Amino acid sequence: MKAVRIHAFGGPEVLQLEEVARPVPAADEILIKVYASGVNPVDWGIREGGNDVLRPYLALPMTLGWDAAGVVEAVGSEVTGFQVGDAVYGEPNFPGAGSYAEYCTSKATQFALKPKSLSFMAAAGVPLAGLTAWTALFEQGKLQPGQRVLVQGASGGVGGFAVQFAKAKGAYVIGTASAANLDYVKQLGADEVIDYRSQEVVALVQDVDVVLEASPCATTPSG
C-alpha cells in the first residue's frame with residue numbers, strides 16, 4: 001500500500017510517498033481502508049519533532065495522521081462491534097500507524113460507525129478536534145449545566161466543537177473570534193461573542209467557571 005511517511009523531523013520536505021506493507025490488525029483492532037484523513041496542527045508539530053512531552057514516544061520512520069474515515073477491511077478475533085464493510089471514523093494507532101496511508105489499524109474502541117449524514121471527508125475532520133474539546137470541557141473542566149464557559153478561539157476546529165458541546169450541556173457560552181467569524185460562532189450557539197482583536201476580553205468577561213483556550217497557538221505541540 002502507499003503511505004506518506006517521514007524518516008527525519010523537519011519541514012514539508014521530509015514527507016515521502018512510499019510503498020509499505022499493509023498492516024495486520026491485532027485481536028482487539030480493526031483494519032480501515034482510508035477514504036479521508038484529517039490534517040491538524042499536531043501533524044506538522046509532530047513532523048517537526050514534537051515537544052518535550054511527545055518526543056520520547058516518536059520513533060522514526062512513522063506515518064502521520066490522527067484522524068481517519070473509511071471502511072472496515074478486516075477485524076481482529078476479539079472485535080464484536082464492527083464487521084467488514086462498516087463505514088467508520090476515529091483515531092488510528094498513533095504515533096506510528098497514522099492515517100496518511102491507504103490503510104491504517106486502530107483499537108476498535110477508538111472508532112465509531114460513521115453517521116450517514118456525514119460524508120467521509122466531513123467525518124475525517126471530527127475525531128481529534130471533537131475529542132480534544134470534549135476532554136477539555138468535561139474531563140478536565142468538569143463543566144456542568146448552568147455554568148459559564150469562555151471558549152477562546154471559538155471559530156476553530158476545537159473551539160467550534162466546544163461551543164456546541166457546552167451549549168448541549170446547558171452551559172452559558174462566551175466565544176472569542178475575529179470579527180469575520182463572530183456570526184459563525186453565534187450560529188454554533190454561543191450566547192455572547194467577542195472580537196478579541198478590537199475588544200478587551202478580560203474587561204468584558206467576568207464570573208466564568210471554565211476557560212477553554214482553543215486558539216491554534218495553544219494546540220500546536222511544537223516548541
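All figures in this text were calculated on a predicted structure; none of them were measured in a lab. (Residues numbered from 1 in each chain as written. Predicted model: local features only at pLDDT ≥ 70, side-chain atom pairs only at ≥ 80, totals over all residues. Heavy atoms only, no water.)

Engineer: Could you give an account of the sheet that holds strand E7 (residues 103-107), with specific residues and numbers?
Structural biologist: In spatial order, the strands read E7-E3-E5-E6-E8; together these five strands make up an open sheet with antiparallel pairing. A single partner strand is all that each edge strand has here, and the edge strands are E7 and strand E8 (111-113). Each strand of the sheet is rotated relative to its neighbour by a mean of 45°, with strand direction disregarded. One ladder, built from eight bridges, connects strand E3 (residues 29-38) with strand E5 (residues 67-75); its direction is antiparallel. What sits directly across from Ser37, in E5, is Ala68. (Pairing = 2+ DSSP bridges. Helix = DSSP H or I, 4+ residues; strand = E, 2+ residues; numbered from the N terminus. Axes fitted to C-alpha atoms, helices over the stretch in contact; angles between N-to-C directions.)

Engineer: Could you give me a rundown of the layout of surface pockets, with the residues and numbers involved?
Structural biologist: Here the second largest pocket is characterised by a volume of approximately 260 Å³. Contributing elements (two or more residues each) for the lining of the second largest pocket: strand E6 (87-90), E8, helix H3 (127-140) and helix H4 (157-169). Per-element accounting of the lining of the second largest pocket gives the leading share, four residues, to H3. Its residues placed into classes, the lining of the second largest pocket shows nine nonpolar, four polar and one charged. (1 Å grid on protein atoms, 1.4 Å probe; cavity = no way out; pocket = protein on both sides within 12 Å on 5 of 7 lines; lining within 4 Å. Points joined across faces, edges and corners; volume = space filled by probe spheres on them. Nonpolar A, V, L, I, M, F, W, Y, C, P; charged D, E, K, R; others polar.)

Engineer: Got a sec to walk through the sheet that holds strand E2 (residues 15-19)? Specific residues and values, please.
Structural biologist: Spatial ordering of the open sheet is given by E2-E1-E4, a layout of three strands whose pairing is antiparallel. Every interior strand has two partners, whereas the edge strands, E2 and strand E4 (62-63), have only one. Of the strand pairs in this sheet, strand E1 (residues 2-6) and E4 are connected by two bridges, and their pairing is antiparallel. Considered in E4, the bridge of Arg5 is made with Thr63.

Engineer: Tell me about the side chain of Thr176, and please be specific about residues and values.
Structural biologist: Checked against the element boundaries, Thr176 lands in strand E10 (residues 172-177). Taking relative accessible area as the criterion, Thr176 reaches 2% and is therefore assigned buried. A distance of 3.1 Å separates a polar side-chain atom of Thr176 from the backbone nitrogen of Gly153. Residues contacting Thr176, with those up to four places away along its chain left out, are Leu150, Val151, Gln152, Gly153, Ala154, Ser155, Ile194, Tyr196 and Val201. (Buried < 20%, exposed > 50% of the residue type's maximum accessible area, 1.4 Å probe, protein only. Polar contact = N/O pair within 3.5 Å; in protein donor to acceptor, adjacent residues only side chain to side chain. Contact = heavy atoms within 4.5 Å.)

Engineer: Can you explain the packing of H3 against H4? Please cite residues and give values.
Structural biologist: For the pair H3 and H4, the least separation of the axes is 8 Å and the interaxial angle reads 50°. Taken together, the axis directions place H3 and H4 in an arrangement best described as oblique. As H3 runs across H4, the sense of the crossing is right-handed. Counting all contacts with H3, which are made through Ala129, Gly130, Thr132, Ala133, Trp134, Leu137 and Phe138, the residues of H4 involved are Gly157, Val158, Phe161, Ala162, Phe165, Ala166 and Lys169. (Parallel < 35°, antiparallel > 145°, perpendicular 65-115°, else oblique. Left-handed = near helix turned anticlockwise from the far one by under 90°.)

Engineer: So what about the packing of aromatic side chains? Which residues, and what values?
Structural biologist: In total, this model carries four aromatic pairs according to the counting rule given. Between Tyr35 and Phe120, the ring centres sit 4.5 Å apart and the planes meet at 45°, which makes this aromatic pair tilted. A residue pair is termed long-range when its members are at least 10 positions apart, and Tyr35 in strand E3 and Phe120 in helix H2 (residues 120-123) qualify at 85 residues. In this structure Tyr35 comes out as partly exposed when scored by relative accessible area, which is 47%. In this structure Phe120 comes out as partly exposed when scored by relative accessible area, which is 22%. Between Trp134 and Phe165, the ring centres sit 5.3 Å apart and the planes meet at 80°, which makes this aromatic pair edge-to-face. With a gap of 31 residues between them, Trp134 in helix H3 and Phe165 in helix H4 connect regions that are remote in the sequence. On the basis of relative accessibility, which here comes to 42%, the residue Trp134 falls in the partly exposed class. Note on Phe165: relative accessible area 22%, which makes it partly exposed. Put simply, the rings of Trp134, Phe138, Phe161 and Phe165 pair up and form one aromatic cluster. Cation over ring: Arg22 sits above Tyr103, and NZ or CZ is 4.8 Å from the ring centre. Lys114 extends its terminal NZ or CZ atom over the ring of Phe120, reaching a point 4.8 Å from the ring centre. (Phe/Tyr/Trp six-rings, centres within 6.5 Å; stacked < 30°, edge-to-face > 60°. Lys NZ or Arg CZ within 6 Å of the ring centre and 35° of its normal.)

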